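Structural overview
Residues per chain are reported as follows:
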Amino acid sequence: MEQQDTERPAWAPPEVDIDTPSIARVYDFWIGGAHNFPADRELARKVAAGNPDLPATLRANRAFLRRAVRELSALGIRQFLDIGSGIPAEGNVHDVALAAHPDSKVVYVDIDPVAVAHGRALLADEPRAAVFQGDLYKSREILDAPDTRRLIDFGQPVALILAAVLHFVPDSDDPLALVGQYTEGLAPGSALVISHAGAEEVPRAAPEAAEQYRGAVSRVIWRDNRELAALFGDFELLEPGVVRAPLWHPDPTDTPDPSLPMLAGAALKPAR
């Protein structure tokens, strides 16, 4: 039997139920984080037992995100808007961006109130980053939110991050138009980072691992390279284009697993 957590840590606000599994904390457990509790770990193990590749796929997604932020920081981008961020724990966007440039600014947005509550506690002493609750479908509310306007100057390049979120948007909701609501007003030189459940060729019966992970929240839509590349619109893809997440600029010490079903890419907005 797993040892129970005896004390509520500072990052878990009193209003958050730590005895009921949280999707955000289950994800945190799968990617090797420390911001989870026994109930989260029990659910995570049950789901992973039927979907053994899922934790590795999500870890590859988070590793891709860190590499993308590092690459974009090297290109001079100092502002990051991460929608669907989950819990912004250690090793996330703000850690990578601030390590590269201490004047960077990061805004995290998630629809999950538990992720936001934990995030606010974690970022309480970090004035260069903020997290708030928002719905991907309500772009105006996110772009005009006080935290967004306080930290992000849309007259300068911004990296918009949509990591593992667009595969919950069906074609009937026009994901390209949805992305465009965010990218239309971005300055030239801005970046778009996307990771997405999928493969070079989507199998006829796409795995339902992420559906079990998200429960009844949403059905996962698998897309192939061509379909994902189309979601970048007129942004110009950086090399190597849309590839499996572990193959996007792997670190020299990495041993990428190209079989993991997560595609990824990053692109820049060209000058008009």
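Residues numbered from 1 in each chain as written. Predicted model: local features only at pLDDT ≥ 70, side-chain atom pairs only at ≥ 80, totals over all residues. Heavy atoms only, no water.

Further remarks concern the overall build of the protein chain. Of regular secondary structure, the protein chain possesses 10 helices and eight strands. Relative to the compact-globule value of 19 Å for 272 residues, the protein chain shows a C-alpha radius of gyration of 18 Å, a close match. Overall, the protein chain is about 60 × 45 × 40 Å in size when its C-alpha atoms are taken along their principal axes. Residue pairs at least 24 apart in sequence account for 69% of intrachain contacts in the protein chain once pairs closer than 6 positions are excluded. Accessible surface computed for the protein chain: about 12,600 Å², of which carbon and sulfur atoms make up 52%. Side-chain charges of the protein chain comprise 26 positive and 40 negative groups, with the mean position of each set lying 1 Å from the other. (Helix = DSSP H or I, 4+ residues; strand = E, 2+ residues; numbered from the N terminus. Rg over C-alpha atoms; globule rule 2.2 N^0.38 Å. Contact = heavy atoms within 4.5 Å. Areas by Shrake-Rupley, 256 points an atom, 1.4 Å probe, with all protein chains shown as cover. Lys, Arg positive; Asp, Glu negative; His and termini not counted. Charge placed at Lys NZ, Arg CZ, Asp CG, Glu CD.)

Before going further, it helps to spend a moment on the pattern of salt bridges. A full pass over the atoms with the stated rule returns eight salt bridges. The partner of Arg128 in a salt bridge is Glu126, with the nearest N and O atoms 2.7 Å apart. Classification of Arg128 by relative accessible area gives partly exposed; the value is 28%. One salt bridge connects Arg150 with Asp147, and the closest N-O pair in it is separated by 3.2 Å. Here the residue Arg150 and the residue Asp147 both occupy positions in helix H7 (residues 146-151), the gap between them amounting to three residues, near one helical turn. A relative accessible area of 22% places Asp147 in the partly exposed class. One salt-bridge network, in which partners are shared between bridges, spans Arg140, Asp144 and Arg149. (Salt bridge = Lys/Arg side-chain N within 4 Å of Asp/Glu carboxyl O. Buried < 20%, exposed > 50% of the residue type's maximum accessible area, 1.4 Å probe, protein only.)

Burial of strand S8 (residues 262-268) is extensive: six of the seven residues sit out of reach of the surface. Strand direction decides the pairing type here: strand S6 (residues 236-237) and S8, joined by two bridges, are antiparallel. Looking across to S8, one finds that Glu236 is bridged to Leu268. Here two bridges tie strand S7 (residues 243-244) to S8, and the two strands are oriented antiparallel to one another. (Pairing = 2+ DSSP bridges.)

The way to describe two aromatic rings as a pair is by their centre distance and the angle between their planes. With the rule as written, the count across this model stands at one aromatic pair. Look at Phe64 and Trp248: their rings are 5.4 Å apart centre to centre, the planes differ by 90°, and that puts the pair in the edge-to-face class. In this pair, Phe64 is assigned in helix H3 (residues 54-74) and Trp248 in the loop between S7 and S8, connecting sequence segments 184 residues apart. Of the two residues, Phe64 and Trp248, neither departs from the other in class, the shared state being buried. (Phe/Tyr/Trp six-rings, centres within 6.5 Å; stacked < 30°, edge-to-face > 60°.)

The subject of this paragraph is the nonpolar core. With 32 residues, the main nonpolar core has Ile83, Leu136, Leu162 and Leu166 as its most contacted residues. Secondary-structure elements contributing two or more residues to this core are strand S1 (79-83), strand S2 (105-110), strand S3 (129-133), helix H6 (139-143), strand S4 (159-163), helix H8 (175-183), strand S5 (191-197) and S8. Looking at which element gives the most residues to this core, the answer is H8, with three residues. Residues Phe64, Leu65, Ala159 and Ala163 belong to the second largest nonpolar core, which totals 28 residues. (Core = buried A, V, L, I, M, F, W, Y, C linked by side-chain atoms within 4.5 Å.)

This brings us to unusual backbone geometry. Cis geometry is found at the peptide bond from Glu239 to Pro240, where omega equals 5°. The residue Pro240 is located in the loop between S6 and S7 in this model. Unlike most non-glycine residues, Ala164 shows phi in positive territory, near 55°. Of note in the backbone geometry, Asp174 takes a positive phi value of approximately 55° without being a glycine. Residue placement: Asp174 occurs in the loop between S4 and H8.

Bringing helix H1 (residues 23-30) into the picture now. When you tally the buried positions in H1, you get six out of eight residues, the bulk of the element. Buried within H1 are the following residues: Ala24, Arg25, Val26, Tyr27, Asp28 and Trp30. Phi turns positive one or two residues past the end of H1, at Gly32, with a value near 90°.

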